[in-house]
Amino acid sequence: MRKVMAGLFHSVDGVVEAPHLFQFDSFDDDLGALLSGVQERVTDVLLGRVGYAEWAAYWPNAQADGDFAAFINAVPKHVASETLSGKLDWSNAQLIEGDLLDFVRQLKAGAGGEIAAMGGISLVRQLLFAGLLDELVLITHPVIAGPGRRLFEPGDPLTRLALVDSQVTAKGNVVSSYRRLD
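So, how was this worked out
Residues numbered from 1 in each chain as written. Predicted model: local features only at pLDDT ≥ 70, side-chain atom pairs only at ≥ 80, totals over all residues. Heavy atoms only, no water. Phe/Tyr/Trp six-rings, centres within 6.5 Å; stacked < 30°, edge-to-face > 60°. Helix = DSSP H or I, 4+ residues; strand = E, 2+ residues; numbered from the N terminus. Buried < 20%, exposed > 50% of the residue type's maximum accessible area, 1.4 Å probe, protein only. Contact = heavy atoms within 4.5 Å. Salt bridge = Lys/Arg side-chain N within 4 Å of Asp/Glu carboxyl O.

Caption draft 1: The packing of aromatic side chains, seen in detail. Enumeration according to the criterion identifies six aromatic pairs in this entry. Here Phe9 and Phe27 contribute two aromatic rings whose centre-to-centre distance is 5.5 Å and whose plane-to-plane angle is 65°, an arrangement assigned as edge-to-face. With Phe9 in strand S1 (residues 4-11) and Phe27 in the loop between S1 and helix H1 (29-41), this residue pair connects regions lying 18 residues apart in the sequence. For Phe9, a relative accessible area of 22% corresponds to the partly exposed category. For the pair Phe68 and Phe71, a centre-to-centre distance of 5.7 Å together with 45° between the ring planes defines the contact as tilted. Remark: Phe71 and Phe68 occur in helix H3 (residues 66-74); sequence separation between them is three residues, near one turn of the helix. In this structure, Phe68 and Phe71 share a single accessibility class: buried. Taken together, the ring pairs connect Trp55, Tyr58, Trp59, Phe68 and Phe71 into an aromatic cluster.

Given below as structure tokens:
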């Protein structure tokens with residue numbers, strides 16, 4: 001069975017939306033090595049509609065971060081949306097037809113490497129609370145972001161997690177990996 005993982009950039013106060021607004025100079029060689037390792041294991045990416053729209057507008061012509069651009073442009077991308085229709089313009093991107101959770105179950109049962117949920121707070125939440133997310137990685141930057149959407153909301157169901165791994169990078173990022181306890 002393939003593993004589904006999600007990695008989110010995260011502020012100390014829990015903001016995950018628009019991390020480019022609070023990351024500043026927090027990237028270091030340790031974080032780069034960790035993210036490169038993820039790219040080497042991932043063979044499919046799940047995206048939400050908003051993440052797809054933002055990333056499809058940027059990454060196909062991105063000049064910066066060539067390693068990630070090469071990865072994300074080439075990898076098969078499966079887009080969850082209730083409003084998009086037809087053929088998607090970004091290379092190797094296709095809409096998920098039918099129920100998202102059923103699609104992910106089938107993808108997990110197939111051949112390939114890891115599956116990464118990227119570019120979608122709602123998508124990550126759905127997968128986590130449905131029990132389909134095998135690993136949640138929070139990359140906490142040493143900053144208080146203030147306004148912005150958080151991953152967890154009041155009213156979320158009680159969900160126990162186990163810490164699988166944790167490391168601190170040279171610039172003080174805390175990378176914590178969790179799995180659900182069922």
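Caption draft 2: The environment of Ala116, seen in detail. Within the element layout of this structure, Ala116 appears in strand S5 (residues 114-118). You can call Ala116 buried: its relative accessible area is 0%. Setting aside its immediate chain neighbours within four residues, Ala116 contacts Met5, Val42, Asp44, Val45 and Leu46.

Caption draft 3: Focus on the pattern of salt bridges. A complete count under the given rule lists 10 salt bridges for this structure. One salt bridge connects Asp44 with Arg2, and the closest N-O pair in it is separated by 2.5 Å. Of this pair, Asp44 sits in strand S2 (residues 42-48) while Arg2 sits in the segment before S1; the two residues are 42 residues apart in sequence, bridging distant segments of the chain. The same class applies to Asp44 and to Arg2, which are both buried.

The analysis is restricted to geometry; functional conclusions fall outside its scope.
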